[in-house]
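The residues making up each chain are set out below.
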Amino acid sequence: MVSLAPFDYLHGKYPNAGIIWIDAHPDVSSVKDGYPNAHAMVLRTLLGYGEESIAARMRNKKFRPSGVLYVGLQPLHDYQENFLKEVGVDYQVQSESFVTNDEIRSFTKRFDHILIHLDIDVLDERFFHSTYFANPELVGDGSGGGKMTMEKLTGVLQCITAHTDVAGFTIAEYLPFDEYRLHRMFSGLSIFTE
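The structure presented is a predicted model; accordingly, all values stated were derived computationally and were not measured.

### Observations concerning the nonpolar core
- Counting 25 residues, the largest nonpolar core has Ile19, Trp21, Leu43, Leu46, Tyr70 and Leu84 as its most contacted members.
- Looking at this core, the elements that each hand over two or more residues are α1 (4-13), β1 (17-22), α2 (42-46), β2 (68-71) and α4 (78-87).
- If we ignore the near neighbours within four places in the chain, the residues touching tyrosine 70 are Trp21, His25, Pro26, Val28, Leu43, Leu84, Val89, Tyr91, Gln94 and Val99.
- In this structure, Val71, Leu118, Val122 and Val156 belong to the second largest nonpolar core, which totals 20 residues.

Shown next, in the form of structure tokens:
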């Protein structure tokens, strides 16, 4: 949900703003799809199709479907794919290869400002462990984690920031499980607690 209020606000300030959604998931779910967690409904709401309880918080006009570029998107559930096609969001699943720098530059040239949503789960949990999918104790809705390396993400962000004015940048779902485990371990040792 971290992107909803700031992106809505910034869209009111910068009407010609586009969104680059760096995420393994599209975040266009709804309650009627059987998915109750609001964090997966944010982009749907920004596009003007959100659940009333969330959409009522919007203060500015909705984003156009042509104003969204997905980077890192992984295979979709049928209801997500249907929604994106119905509303006209151009997207590509990037399980084999990511959008190119040329595609990113072409997208950014259409806007005066870009808003970046970075969901940490776009990163491959084998190489970056502070993501939901790195914790085997958790179960989700069947969606997989991302396939991106830190080096690729660095290149994507450098490409974006070198070619456009970034007016907003949000980071979602940073889950430092290793740090939490260390904290738990150390808090049980008297040398650290007495």
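Having seen the model, we can carry on.
### Remarks on the packing of aromatic side chains
- Applying the stated criterion across every chain, the model contains five aromatic pairs.
- Ring centres 4.9 Å apart and planes at 45° place the aromatic pair phenylalanine 107 and phenylalanine 111 in the tilted group. Take phenylalanine 107 and phenylalanine 111: they sit in the same class, and that class is buried.

### Side note on the packing of helix α5 (residues 101-108) against helix α6 (residues 150-163)
- Running from N to C, α5 and α6 point in directions that differ by 30°, and their axes come no closer than 10 Å. As α5 packs across α6, the resulting crossing turns out to be right-handed. On the side of α5, the interface is formed by Asn101, Ile104, Arg105 and Thr108, while α6 contributes Val156, Cys159, Ile160 and His163.
- Taken together, the residues of the contact of α5 with α6 sort by class into four nonpolar, three polar and one charged.

Cut-offs used in this document
Residues numbered from 1 in each chain as written. Predicted model: local features only at pLDDT ≥ 70, side-chain atom pairs only at ≥ 80, totals over all residues. Heavy atoms only, no water. Core = buried A, V, L, I, M, F, W, Y, C linked by side-chain atoms within 4.5 Å. Buried < 20%, exposed > 50% of the residue type's maximum accessible area, 1.4 Å probe, protein only. Helix = DSSP H or I, 4+ residues; strand = E, 2+ residues; numbered from the N terminus. Contact = heavy atoms within 4.5 Å. Phe/Tyr/Trp six-rings, centres within 6.5 Å; stacked < 30°, edge-to-face > 60°. Axes fitted to C-alpha atoms, helices over the stretch in contact; angles between N-to-C directions. Left-handed = near helix turned anticlockwise from the far one by under 90°. Nonpolar A, V, L, I, M, F, W, Y, C, P; charged D, E, K, R; others polar.

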